[in-house]
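The chain contents come next:
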Amino acid sequence: MEKLNMEPGVIRKLDEVVVNRIAAGEIIQRPANALKEMIENSLDAKSTGIQVVIKAGGLKSLQIQDNGTGIRRDDLAIVCERFTTSKLKKFEDLSSIETYGFRGEALASISHVAHLTITTKTKDEKCAFKASYEDGKLKGDVKPCAGNQGTQIAVEDLFYNVPMRKQALKAPNEEFQKISDVVSKYAVHNPQTGFMLKKFGENATIRTQAKSTVENNISLIYGSSIGKSLLKITIDDEILQLQVDGFVTNVNFSLKKGMFLLFINHRAVESTNIRKAIDQIYSLYLPKGMAPFVYLSIELNPNNVDVNVHPTKHEVHFLHEEEIIDKIKEAVERSLLGGNASRTFYTQALLPGAPEPAETSKLNDSASDKPKLDYKFVRTSHSDQKLDKFFGLNVSRNASMNENTNGEQGGSFILPKQDRSIRETKLTSVLSLRKAVEEACDRSLRTILSELTFVGVIDRNWVLIQYDTKMFLVTTRSLFEELCYQMLLFNFENFESILFTRPLPVLELAMLALEDAESGWTEEDGSKNELAERILEILVNKAPLMKEYFNLCISADGMLESIPIVVQEYIPSMAYLPMFILRLATEVEWDDEKECFDTFCREVARFYAKIALTKGDDEYKWELEHAIYPAIKQYLLPPKTFAKNGSVLKVANLPDLYRVFERC
């Protein structure tokens, strides 16, 4: 039997290269960590523009360029050595650090696990300088080159010399998503700086403008539905030396996976305790499993914050944590209670013990003395047992959109996210129309629609939905047209747009409409050419109004450049565009303000709600399930007429069906 060696091991000093790679692994855990460090350096350099280009999720190439102060030529020799920094001079400075970086480890760490190249120019130097680094040391000479003021850092072949770390990373798309998350957070928190993120050779996925606002960037990056639901949070407490600015979404909005953006002294961090406290508040208002969007910027006395807790600096410790969390909870509760917008009755779940809403329409069963059944069937997820399952259908947005690019729309337009600040109109005509919509709302029907579960598509006219234990047939066209009308009123002056890559001539569209039998044209109406010219004249004359209030753009030379996005993720059928142009000129009451906005919104809604047969079944069903009915559920205020005109029909009560089947 072999004798075990019981001699103590010899302690040796690790090679410096090994030490530095271990240290680098603590700080640079994935491409997103490297980018976060470099973004913070760019912000410290007072940049107003930061551009990020990614290849293969940042593993092959990660490049960041800013227009900041740049790096002095004389400092390039040591910029990638550990513990070299321009932001910290002595240990005591840690207690009042106000910059993102301070340890001087970020670039050093990156250079130990990747090929690093820096190109930089300060305002006082006549040219830029380029330098490459390996293991913290300058590789070759610093070379003069052409370049603008600022710094460009190229990180290539990340973890090329640490294969186990590279293998542990996710797929490139997942790594890119983590990078996108970092850029999104810093773009929201730093609206004074413009951000751009793109994959190499592709269009930008994130683009914000300098001198923007937090609210605008939230809407731009995370979606207008979040942007329109924001409530302001503000705290200024001299005793705790605490300042908080932020936004949370109101109780009419929720997400399956909440979003929590937290900055403490302008550093993106995590705080489980703060997040739990806010989630606890929202649990009283939102349906189970749903969560809000939260952005908080907390400023504390630097002496009360320890930012040197973790190598990645994503954790911080601060004094008076319980008192500060209590203050934040109070502010959130106060904001939610004070945010009584016109649609506060959209709340999607009754509080335990609360009475059921009054059933004023004929859609619900009348009260009776029948004993309550012990069994109920309530669909809890729209993905459970949809009709499509029984027909073997698996509708995907990608497939439908691929088909669509070869169909009626031909890829002739793009849907950009635009730099549009949220505005609230003061026009009494629009406010009056909104009030009329709210007063006409059937509250019981609103309850049904706000808690609907999408079951499946019957045909191009009918859809089956479920509310509680009841099943309803609903006509998509009538509900969707009313929704579009209301969206046009309530989003007045706040529309993103669908831009046509090739603007369309209004004159030709008008001629196409007049050729259509639906136009009702006869020879007695006069020449089609003259009528088309008159249509063009009217719409060019009214173009400034349509652009300002609805982002429908017609150029001075008569080219249709864009139409508004009324419902997110939905593209109207372009087959009806010519008739839409004709009706804008002939059916809108342009001379009276209130009538103008009412009839204009009706005509736009009519166009958007007509879904052409040229749209394939897959695309049609995807839009119904993922765009139209989610919007109906969240926003539609159904008029009382819907309870009487057959738009919504109750077809079954599941407990009753169960009793029938039980007897069989």
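Residues numbered from 1 in each chain as written. Predicted model: local features only at pLDDT ≥ 70, side-chain atom pairs only at ≥ 80, totals over all residues. Heavy atoms only, no water.

Enquirer: Would you mind showing me how to read the overall build of the protein here?
Expert: Secondary structure summary: the protein contains 21 helices and 23 strands in total. Taken over 664 residues, the protein has a buried fraction of 49%. Element-wise, carbon and sulfur atoms account for 51% of the exposed surface of the protein, whose accessible area totals about 34100 Å². (Helix = DSSP H or I, 4+ residues; strand = E, 2+ residues; numbered from the N terminus. Buried < 20%, exposed > 50% of the residue type's maximum accessible area, 1.4 Å probe, protein only. Areas by Shrake-Rupley, 256 points an atom, 1.4 Å probe, with all protein chains shown as cover.)

Enquirer: Before we go on, may I ask you to explain the side chain of Asp-237 in this structure?
Expert: Following the sequence through the fold, Asp-237 ends up in strand β9 (residues 230-237). You can call Asp-237 buried: its relative accessible area is 12%. Within the structure, Asp-237 has its side chain in polar contact with the side chain of Lys-327 (distance 3.3 Å). Residues contacting Asp-237, with those up to four places away along its chain left out, are Leu-242 and Lys-327. (Polar contact = N/O pair within 3.5 Å; in protein donor to acceptor, adjacent residues only side chain to side chain. Contact = heavy atoms within 4.5 Å.)

Enquirer: What's the story with the sheet that holds strand β1 (residues 49-55) in this structure? I'm lost.
Expert: As a general point, the strands of a sheet are linked pairwise by backbone hydrogen bonds and lie either parallel or antiparallel. The strand order β5-β4-β3-β6-β2-β1-β7-β8 describes an open sheet built from eight strands, whose pairing is mixed. Of all strands in the sheet, those bounded by a partner on one side alone are β5 (137-145) and β8 (204-207). On average, each strand axis in the sheet is tilted by 10° relative to the strand beside it, whichever way the strands run. Here β1 runs beside strand β7 (residues 194-199); their pairing, made up of six bridges, is parallel. (Pairing = 2+ DSSP bridges. Axes fitted to C-alpha atoms, helices over the stretch in contact; angles between N-to-C directions.)

Enquirer: Can you walk me through the packing of helix α13 (residues 443-450) against helix α20 (residues 617-635) in this structure?
Expert: Packed helices, taken two at a time, are described by the angle their axes make and the gap between the axes. Packing of α13 against α20 brings their axes to within 7 Å, and their N-to-C directions diverge by 135°. Compared by their axis directions, α13 and α20 come out oblique. For the element pair α13 and α20, the recorded crossing hand is left-handed. For the pair α13 and α20, the contacting residues are Arg-446, Leu-449 and Ser-450 in the first and Ile-632, Lys-633, Gln-634 and Tyr-635 in the second. (Parallel < 35°, antiparallel > 145°, perpendicular 65-115°, else oblique. Left-handed = near helix turned anticlockwise from the far one by under 90°.)

Enquirer: Whenever I open this one, a negative patch on the surface confuses me. Can you help?
Expert: On the surface, a cluster of negative charge is contributed by Glu-587, Glu-589, Asp-591, Asp-592, Glu-593 and Glu-595. Tracing the chain through its elements places Glu-587 in helix α18 (residues 577-587). For Glu-587, a relative accessible area of 37% puts it in the partly exposed group. (Patch = residues over 30% accessible without salt bridge, like charges linked within 9 Å, V, L, I, M, F, W, Y side chains within 5 Å. Salt bridge = Lys/Arg side-chain N within 4 Å of Asp/Glu carboxyl O. Lys, Arg positive; Asp, Glu negative; His and termini not counted. Charge placed at Lys NZ, Arg CZ, Asp CG, Glu CD.)

Enquirer: Just to check I follow, could you spell out the pairing of strand β2 (residues 61-66) for this structure?
Expert: On any regular strand, side chains alternate: one points to one face of the sheet, the next to the other face. In terms of strand pairing, β1 meets β2 through six bridges, oriented antiparallel. Paired with Lys-55 across the strands is Ser-61, a residue of β2. Where β1 hands over to β2, the hairpin turn is made up of five residues, of which Ala-56 adopts a positive phi near 55°. Bridge count for β2 against strand β6 (residues 150-156) is five bridges, and the pairing is antiparallel.

Enquirer: So what exactly am I meant to see when it comes to the packing of aromatic side chains here?
Expert: By convention here, two paired aromatic rings are described through the distance between centres and the angle between planes. Following the criterion strictly, the structure yields 15 aromatic pairs and no others. Here the aromatic rings of Phe-492 and Phe-597 are separated by 5.0 Å at their centres, their planes lie at 80°, and the arrangement is edge-to-face. Of this pair, Phe-492 sits in the loop between α14 (476-490) and β20 (497-505) while Phe-597 is found in helix α19 (residues 593-609), placing the two residues 105 residues apart along the sequence. The class for Phe-492 is buried, based on a relative accessible area of 0%. Residue classification places Phe-597 among the buried positions, given a relative accessible area of 3%. Here Tyr-549 and Phe-597 contribute two aromatic rings whose centre-to-centre distance is 5.4 Å and whose plane-to-plane angle is 90°, an arrangement assigned as edge-to-face. Of this pair, Tyr-549 sits in helix α17 (residues 543-550) while Phe-597 sits in helix α19; the two residues are 48 residues apart in sequence, bridging distant segments of the chain. The residues Tyr-549 and Phe-597 share a single accessibility class, namely buried. Grouped by ring-pair contacts, the aromatic residues Phe-492, Phe-495, Tyr-549, Phe-550, Trp-590, Phe-597 and Phe-600 constitute a single cluster. (Phe/Tyr/Trp six-rings, centres within 6.5 Å; stacked < 30°, edge-to-face > 60°.)

Enquirer: Before we go on, may I ask you to explain the confidence of the model for the protein in this structure?
Expert: The predicted coordinates ought not to be read in detail in places where the model reports low pLDDT. Here the protein averages 80 in pLDDT, and 77% of its residues register 70 or above. Low pLDDT, under 50, characterises residues 21-26; the stretch is placed with 12 contacts to residues that sit more than four places away or in other chains. Predicted confidence is poor over residues 658-664, with pLDDT under 50, and the contacts of this stretch with residues over four places away or in other chains come to five contacts. (pLDDT = per-residue confidence, 0-100.)

Enquirer: Sorry if this is basic, but what is going on with the pattern of salt bridges here?
Expert: Opposite charge on two side chains makes pairing possible when the charged atoms of those side chains draw close. Tallying each qualifying case throughout the model produces 19 salt bridges. Residues Glu-175 and Arg-30 are paired through a salt bridge, measuring 2.8 Å at the closest nitrogen-oxygen approach. Taken as a pair, Glu-175 in helix α5 (residues 172-189) and Arg-30 in the loop between α1 (16-27) and α2 (31-44) lie far apart in primary sequence, 145 residues in all. Residue classification places Glu-175 among the buried residues on the basis of a relative accessible area of 0%. In this structure, Asp-181 engages Lys-185 in a salt bridge whose closest nitrogen and oxygen atoms are separated by 3.6 Å. Here Asp-181 pairs with Lys-185, and both are found in helix α5, just four residues apart, close to one helical turn. Exposure remark for Asp-181: the relative accessible area of 34% places this residue in the partly exposed category. Here the salt bridges do not stand alone but share partners, grouping Arg-72, Asp-74 and Asp-75 into one network.

Enquirer: Please clarify how empty space enclosed by the protein should be interpreted in this entry.
Expert: A probe as big as a water molecule, rolled over the atoms, marks out the empty space that is left. For the coordinates displayed, the defined rule picks out one cavity of 30 Å³ or more. The computed volume of the largest cavity comes to approximately 70 Å³. Contributing to the lining of the largest cavity are Tyr-576, Met-579, Phe-580, Arg-583, Glu-603, Arg-606, Phe-607 and Lys-610. Secondary-structure elements contributing two or more residues to the lining of the largest cavity are α18 and α19. In terms of residue class, the lining of the largest cavity is built from four nonpolar, no polar and four charged. (1 Å grid on protein atoms, 1.4 Å probe; cavity = no way out; pocket = protein on both sides within 12 Å on 5 of 7 lines; lining within 4 Å. Points joined across faces, edges and corners; volume = space filled by probe spheres on them. Nonpolar A, V, L, I, M, F, W, Y, C, P; charged D, E, K, R; others polar.)

Enquirer: Explain the nonpolar core here, please?
Expert: Most often, soluble globular proteins have nonpolar side chains that are buried together. Residues Leu-539, Leu-560 and Tyr-629 are the most contacted members of the largest nonpolar core, which totals 83 residues. In terms of nonpolar packing, the next biggest core, distinct from the first, is built from 56 residues, Ile-118, Phe-129, Leu-169 and Val-188 among them. (Core = buried A, V, L, I, M, F, W, Y, C linked by side-chain atoms within 4.5 Å.)

Enquirer: I tried to follow helix α9 (residues 321-338) on my own but got confused; where do I start?
Expert: At 3.6 residues per turn, the α-helix brings residues three or four places apart onto the same side. Between its terminal C-alpha atoms α9 stretches 26 Å, which fits the 26 Å expected from 18 residues at 1.5 Å a residue. Three or more residues of α9 are buried, namely Ile-324, Ile-325, Ile-328, Ala-331, Val-332, Ser-335 and Leu-336. End-on view of α9: buried residues confined to an arc of 130°, all on one side of the axis. Away from the buried face of α9 by more than 90 degrees, exposed residues Glu-322, Arg-334, Leu-337 and Gly-338 are located. On its buried face, α9 is in contact with β9, β10 (242-249), α8 (272-282), β13 (293-300) and β15 (317-318). (Expected span 1.5 Å × (residues − 1). Arc of directions from axis to C-beta.)

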